[in-house]
Amino acid sequence: MRVVVIGATGHVGGYLIPRLVQAGHEVIAVSRGLRSPYHEHPAWAEVTRITADREADDDAGTFGARIADLHAAVVIDMICFTPSSAQQLADALRRAGSLLIHCGSIWVHGPAVEVPVTEDAARRPSGSYGIGKAAIEELLWRESRSGLRAVILHPGHISGPGWPVINPAGNLDPGVWRQLARGERVTLPNFGLETVHHVHADDVAQAFQLALDPPEAAIGESFHVVSPRALTLRGFAEAAAGWFGREANLNCVPFEQFRQMTATEHADVTYEHISRSPSMSIAKAGDLLGYAPRYTSLQAVAEAVHWLHRNGRLALGPVAAHWPEAQPEAD
């Protein structure tokens, strides 16, 4: 079938596009520019590349029609962040009869009452990103009752080779990995029992591929796309230290003290993660879409950190010679 991917050269697109091409689909990749994907693959030679400035086209009221005119059976939207943008595309695709697969976020949920969190749990989204994604999801739910065929996927903390990933302190500070590798003290907020929930970019791509031909029961539904289990910060730190043959040297302090000890940019990111402490269920995605992640959270992160070190993006010192190769679970 013909598949259009909006935002095709991002983290997930680097894995999704080869999957689609290898499955025999005709792929049209829409992106702002013609930059190389994060994950290079020969399959990109078989893809039609189209450039589009979504923000400008949305302002002009032409983006939805432009995508609909590509006459795709499925449109995968990786980069929709406002309800008005979602509405324009939904209106155009309803008329065209295309299936819309929208990339949401687990941040549509706020602090959990029960874990693991299911898709139908009561929501208290916070922050402009989470609130915006929740509003888009609600809009697509309504539109799916008026003729739009839509499926919504909510990835967790997307991880993989080529970019930094959330560390055991709940932020992107590369120094945390160096401290763990060298056996130095790592400061964690509170008791280190808040959670983060990673997912490998290829597992996210797997979910989008599975959603191309969804059962009728999946239309108008949302699905969490994460690894099988979340990680506590403490457990994450202890496991990561073990990659380097170390025992974690942890210092747990109240969050306000952690904030004072941490650069503002990193402390703010930590707060965004631990205030939500996601731990999501993937039972629904498994039951209706057949989603079965190949990577655990630790495997996804290990592969990413190892890549950063090998490629000179993260200096971990000679202890990195003990680094284990991350191996995904068997298919």
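Heads up: the structure comes first, above all this text.
Residues numbered from 1 in each chain as written. Predicted model: local features only at pLDDT ≥ 70, side-chain atom pairs only at ≥ 80, totals over all residues. Heavy atoms only, no water.

A. Region of interest: empty space enclosed by the protein. For the structure on display, the rule yields one cavity of 30 Å³ or more. One number sums up the size of the largest cavity: a volume of about 50 Å³. Residue lining of the largest cavity: Ile-106, Trp-107, His-109, Gly-110, Ala-112, Val-117, Arg-276, Pro-278 and Met-280, and that is the complete set. Class assignment for the residues of the lining of the largest cavity results in six nonpolar, two polar and one charged. (1 Å grid on protein atoms, 1.4 Å probe; cavity = no way out; pocket = protein on both sides within 12 Å on 5 of 7 lines; lining within 4 Å. Points joined across faces, edges and corners; volume = space filled by probe spheres on them. Nonpolar A, V, L, I, M, F, W, Y, C, P; charged D, E, K, R; others polar.)

B. Local environment of the packing of aromatic side chains. Following the criterion strictly, the structure yields seven aromatic pairs and no others. Each ring, one from Phe-81 and one from Tyr-129, has its centre 6.4 Å from the other, and the planes form 45°; the classification is tilted. Within this pair, whereas Phe-81 is found in the loop between strand E4 (74-77) and helix H4 (83-96), its partner Tyr-129 is found in helix H5 (residues 127-144), the two being separated by 48 residues in sequence. Among the residues examined, Tyr-129 registers a relative accessible area of 36% and is labelled partly exposed. The ring centre of Trp-107 lies 3.9 Å from the NZ or CZ of Arg-276, which sits over that ring. Against the face of Phe-223 rests Lys-284, its NZ or CZ located 5.1 Å from the ring centre. (Phe/Tyr/Trp six-rings, centres within 6.5 Å; stacked < 30°, edge-to-face > 60°. Helix = DSSP H or I, 4+ residues; strand = E, 2+ residues; numbered from the N terminus. Buried < 20%, exposed > 50% of the residue type's maximum accessible area, 1.4 Å probe, protein only. Lys NZ or Arg CZ within 6 Å of the ring centre and 35° of its normal.)

C. Region of interest: the sheet that holds strand E3 (residues 48-51). Across the sheet, which stays open at both edges, the seven strands sit in the order E3-E2-E1-E4-E5-E6-E11 with parallel pairing between neighbours. The open sheet has two free edges, formed respectively by E3 and strand E11 (222-225), since each of these has just one partner strand. Between one strand axis and the next, the sheet turns through 20° on average, direction left out of account. In this structure, E4 lies alongside strand E5 (residues 99-103), joined through four bridges in parallel fashion. Bridge assignment links Val-75 to a residue of E5, and that residue is Leu-100. (Pairing = 2+ DSSP bridges. Axes fitted to C-alpha atoms, helices over the stretch in contact; angles between N-to-C directions.)

D. Layout of unusual backbone geometry. Across the junction of Val-115 and Pro-116, the peptide omega takes the value -5°, indicating a cis bond. Mapped onto the secondary structure, Pro-116 falls in the loop between E5 and H5. The residue His-71 is not glycine, and still its phi comes out positive at about 55°. As for its position among the elements, His-71 is in the loop between helix H3 (63-68) and E4. Under the relative-accessibility criterion, His-71 is labelled exposed at 63%. At Asn-190, a residue that is not glycine, the phi angle is positive and equals roughly 60°. With respect to the element layout, Asn-190 can be found in the loop between strand E8 (185-189) and strand E9 (195-196).

Just geometry here; none of it tells us what the structure is for.
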